[in-house]
Amino acid sequence: MTINWDGSVVPCCLDYDDACVLGDATKEHMRNIWFGTKFVNFRRMLLKDMKAMEMCEQCGYRIYNVRFPYVTSFLKMIVAMKR
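Residue numbers here run from 1 along each chain, matching the order of that chain's written sequence. For this predicted model, a pLDDT threshold of at least 70 governs which residues receive local features, and a threshold of 80 or more governs which side-chain atom pairs are given and counted, while totals over whole chains, interfaces and linings are taken from all residues. The side-chain values count all of the structure's non-hydrogen atoms but skip hydrogen atoms and water molecules.

S.K.: Just checking my understanding: could you explain the side chain of S8 for this structure?
M.R.: Segments assigned H or I by DSSP are reported as helices when at least four residues long, segments assigned E as strands when at least two residues long, and all are numbered from the N terminus. As for its position among the elements, S8 is in strand 2 (residues 8-10). In protein, a polar contact requires one atom able to donate a hydrogen and another able to accept it; more generally it is a pair of N or O atoms within 3.5 Å, and residues adjacent in sequence count only if both atoms are side-chain atoms. Here the side chain of S8 touches D18 through a polar contact of 3.3 Å, side chain to side chain. The criterion used for residue contact is that any of the two residues' heavy atoms lie within 4.5 Å. Contact partners of S8, with chain neighbours within four places excluded, come to T2, I3, D18, V21 and G23.

So this is what it looks like as structure tokens:
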């Protein structure tokens, strides 16, 4: 999760163009953004297909996850969490 200068919240520091804004830190509590519908759906999408978003296709964390599968386990745990 990255918070940009204007308060826009994006899932990754590589989202340079705010292609996937999931919240606004100037208007919403971070907990509400993290557990909000947009972020939960984003994490679910990543669990199904890490290439589902253009910015994720070249992501080094996909390669990293092959070596360290706990990244996927962490995503599953977060998706399963309740507010």
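S.K.: Looking at this structure, I do not really get the sheet that holds strand 3 (residues 23-24). What am I missing?
M.R.: Where strands meet in a sheet, backbone hydrogen bonds hold them as pairs that are either parallel or antiparallel. Here, a strand pair is defined by DSSP locating no fewer than two bridges between the strands. Across the sheet, three strands lie side by side as 1-2-3; this open sheet has antiparallel pairing. This sheet does not close on itself; its edge strands, each paired only once, are strand 1 (2-3) and strand 3. With two bridges connecting them, strand 2 and strand 3 associate as antiparallel partners. Paired with V9 across the two strands is G23, which belongs to strand 3.

S.K.: Before we go on, may I ask you to explain the nonpolar core in this structure?
M.R.: If you look at soluble globular proteins, the nonpolar side chains tend to sit buried side by side. V9, C20, L22, I33, F39, F42, L46, M53 and C56 together form the largest nonpolar core, which totals nine residues. Top contributing element to this core by residue count: helix 2 (residues 37-48), with three residues. By nonpolar core is meant a set of buried Ala, Val, Leu, Ile, Met, Phe, Trp, Tyr and Cys residues that side-chain atoms within 4.5 Å join together. Relative accessibility thresholds used throughout: buried, under 20% of the residue-type maximum; exposed, over 50%; partly exposed, between the two (1.4 Å probe, protein chains only).

S.K.: Help me out: how do you make sense of the pattern of salt bridges in this one?
M.R.: Opposite charge on two side chains permits them to pair, given that their charged atoms come into close proximity. Whenever Lys or Arg places a side-chain nitrogen within 4 Å of a carboxyl oxygen from Asp or Glu, that contact is recorded as a salt bridge. Following the criterion strictly, the structure yields one salt bridge and no others. For the salt bridge of D24 with K27, the shortest nitrogen-to-oxygen distance reads 3.9 Å.

S.K.: What is the right way to read unusual backbone geometry from this model?
M.R.: In most cases, non-glycine residues show a negative phi, while peptide bonds are predominantly trans. Look at D18: it is not a glycine, yet its phi comes out positive at around 55 degrees. Topologically, D18 is positioned in the loop between strand 2 and strand 3. On the accessibility criterion, D18 (28% relative accessible area) is partly exposed.

S.K.: How do you make sense of the packing of aromatic side chains when you look at a structure like this?
M.R.: What characterises a pair of aromatic rings is the spacing of the ring centres plus the angle enclosed by the ring planes. Aromatic rings from Phe, Tyr and Trp, taking only the six-membered ring of Trp, are treated as a pair when their centres fall within 6.5 Å; an angle between ring planes under 30 degrees marks them as stacked, one over 60 as edge-to-face, and anything in between as tilted. Tallied over the entire structure, the rule returns two aromatic pairs. Centre to centre, the rings of W34 and F39 are 5.1 Å apart; their planes meet at 50 degrees, and the pair counts as tilted. Residue classification places W34 among the partly exposed positions, given a relative accessible area of 21%. What makes F39 buried here is its relative accessible area of 3%. Consider the rings of F39 and F42, whose centres lie 6.3 Å apart with planes at 85 degrees: the pair is edge-to-face. Residue F39 and its partner F42 are both found in helix 2; the two are separated by three residues, about one turn of the helix. One aromatic cluster is present, built from ring pairs that chain together W34, F39 and F42. Here the guanidinium or amino end of R43 rests over the ring plane of W34, the centre of that ring lying 4.3 Å away. Lysine and arginine charges are scored as sitting over a ring when NZ or CZ, respectively, is within 6 Å of the ring centre and within 35 degrees of the ring normal.

Interpretation note: all reported values are geometric properties and have no functional meaning in isolation.
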